[in-house]
Amino acid sequence: NHRVLASNRKIPSLSVNPSYVEEPEVLAGYLAPRLRYDESAILERLTRTKSGRKMKHVWLKRHMMPDEFARLSLIEDAPDSKALNIHDDSLRYYPENELAAHVLGFSNREGVGSEGIEAKFNDRLSSQAGEHEMRLDRKRNYLEFRTLNYKAPTGGDDVYLTIDAQLQYTLEQALDRAMEEHNATRSMGLLMDPDTGAILAMATRPAFDPND
């Protein structure tokens, strides 16, 4: 029925370029209460080095929730604000929470399918950037008619299931009631269209929330 069971949403993340930080103690004091991190832990990231040189990119907070992002306020107001960067990360989101969790599986923080449909169709669901290599004129404008190399992006497909979300919900509720009635620790159920073999609902209890 085209009801969305899994999609992506943009989540802000905060990083720092330590080579641009001039007053790390001041910036750490500013960020610690806003990110609710230990000040010494933030200071270590603000001064992190590699092979004796300050690093160019260090994550301060990945996948900030709305209240965390609101506490951060405008990074332009922060000390050494030029060293801070907000990134829009793509995070997998399951709007129905526990519904069909064992069927869908989940993607990890790096966006790789780790269980269920997410793992089975990871190559189709994941998108790979393409390439478009062109010559430039003297003002560095792209000359599309002088294309040297082009590779189309791949993946990022939609996958449609035969699962009916309403039937799935009904089945899961029935399994929960049966477990309580029979004092069972786990249960499983399946609804199939006998004419086509299509799986209309399939559930295992107890469930989990793939968002977590």
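Check the entry above for the structure.
None of the values given here were measured: they were computed from a predicted structure. (Residues numbered from 1 in each chain as written. Predicted model: local features only at pLDDT ≥ 70, side-chain atom pairs only at ≥ 80, totals over all residues. Heavy atoms only, no water.)

**What about the sheet that holds strand E1 (residues 7-16)?**
Then step 1. Spatial strand order, E4-E1-E5: three strands in an open sheet with antiparallel pairing. Strands at the two margins of the open sheet, each flanked by one partner only, are strand E4 (58-61) and strand E5 (84-93). Looking at each pair of strands side by side, their axes are set apart by 50° on average, direction ignored.
Then step 2. Judged from the 10 bridges that link them, E1 and E5 form a sheet pairing that is antiparallel. By the bridge assignment for E5, Ser-7 is matched with Tyr-93.
Then step 3. Each of E1, E4 and E5 touches helix H1 (residues 24-35); the most contacted strand, E4, lies at about 45° to it.
Then step 4. Each of E1 and E4 is contacted by helix H2 (residues 39-46), which is oriented at about 155° to E4, the strand it contacts most. (Pairing = 2+ DSSP bridges. Helix = DSSP H or I, 4+ residues; strand = E, 2+ residues; numbered from the N terminus. Axes fitted to C-alpha atoms, helices over the stretch in contact; angles between N-to-C directions. Contact = heavy atoms within 4.5 Å.)

**A look at the packing of H1 against H2**
How two helices pack is summed up by the angle between their axes together with the distance between the axes.
Then step 1. The geometry of H1 relative to H2 is characterised by a closest axis approach of 8 Å and an angle of 130° between their N-to-C directions. One finds that H1 runs oblique with respect to H2. H1 and H2 meet at a crossing whose hand is right-handed. Here Pro-24, Glu-25, Leu-27, Ala-28, Gly-29, Leu-31, Ala-32 and Leu-35 of H1 lie close against H2, whose contacting residues are Glu-39, Ile-42, Leu-43 and Leu-46.
Then step 2. For the contact of H1 with H2, the class distribution of residues is nine nonpolar, one polar and two charged. (Parallel < 35°, antiparallel > 145°, perpendicular 65-115°, else oblique. Left-handed = near helix turned anticlockwise from the far one by under 90°. Nonpolar A, V, L, I, M, F, W, Y, C, P; charged D, E, K, R; others polar.)

**Some thoughts on the packing of aromatic side chains**
How two aromatic rings sit relative to each other is given by the distance of their centres and the angle of their planes.
Then step 1. For the coordinates displayed, the defined rule picks out one aromatic pair.
Then step 2. Ring geometry for Phe-106 and Phe-208: centres 6.3 Å apart, planes at 85°, overall edge-to-face. Taken together, the positions of Phe-106 in the loop between helix H4 (101-104) and helix H5 (116-120) and Phe-208 in the segment after strand E11 (199-205) put the pair 102 residues apart, joining distant regions of the chain.
Then step 3. Between the NZ or CZ atom of Arg-34 and the centre of the ring of Tyr-30, over which it lies, the distance is 3.8 Å. (Phe/Tyr/Trp six-rings, centres within 6.5 Å; stacked < 30°, edge-to-face > 60°. Lys NZ or Arg CZ within 6 Å of the ring centre and 35° of its normal.)

**Things to note about helix H7 (residues 165-182)**
Then step 1. In this model, H7 (18 residues) spans 26 Å end to end at C-alpha, consistent with the 26 Å of a helix rising 1.5 Å per residue.
Then step 2. Within H7 the residues assigned to the buried category are Ala-165, Gln-168, Leu-171, Glu-172, Leu-175 and Met-179. Down the axis of H7, the buried set is contained in an arc of 120°. They therefore lie on one face. Residues of H7 that are exposed and point over 90 degrees away from its buried face: Arg-177, Glu-180 and Glu-181.
Then step 3. Elements that come into contact with the buried residues of H7 comprise strand E10 (187-192) and E11.
Then step 4. Its side-chain oxygen 3.0 Å from the backbone nitrogen of Gln-166, Asp-164 forms the N-cap of H7.
Then step 5. Positive phi appears at Asn-183, one or two residues downstream of H7, with a value of about 55°. (Expected span 1.5 Å × (residues − 1). Buried < 20%, exposed > 50% of the residue type's maximum accessible area, 1.4 Å probe, protein only. Arc of directions from axis to C-beta. Polar contact = N/O pair within 3.5 Å; in protein donor to acceptor, adjacent residues only side chain to side chain.)

**What about the nonpolar core?**
Then step 1. In this structure, Val-16, Leu-31, Leu-35, Leu-60 and Leu-84 are the most contacted members of the largest nonpolar core, which totals 19 residues.
Then step 2. Secondary-structure elements contributing two or more residues to this core are E1, H1, H2 and E4.
Then step 3. No other element matches H1, which puts six residues into this core.
Then step 4. Not counting chain neighbours up to four residues away, the residues in contact with Leu-60 comprise Leu-14, Ser-15, Val-16, Leu-31, Leu-35, Tyr-37, Arg-45, Leu-46 and Leu-84.
Then step 5. Counting seven residues, the second-largest nonpolar core is a separate cluster that includes Tyr-94, Leu-99, Leu-104 and Ala-165. (Core = buried A, V, L, I, M, F, W, Y, C linked by side-chain atoms within 4.5 Å.)

Purely geometric numbers; function is a separate question.
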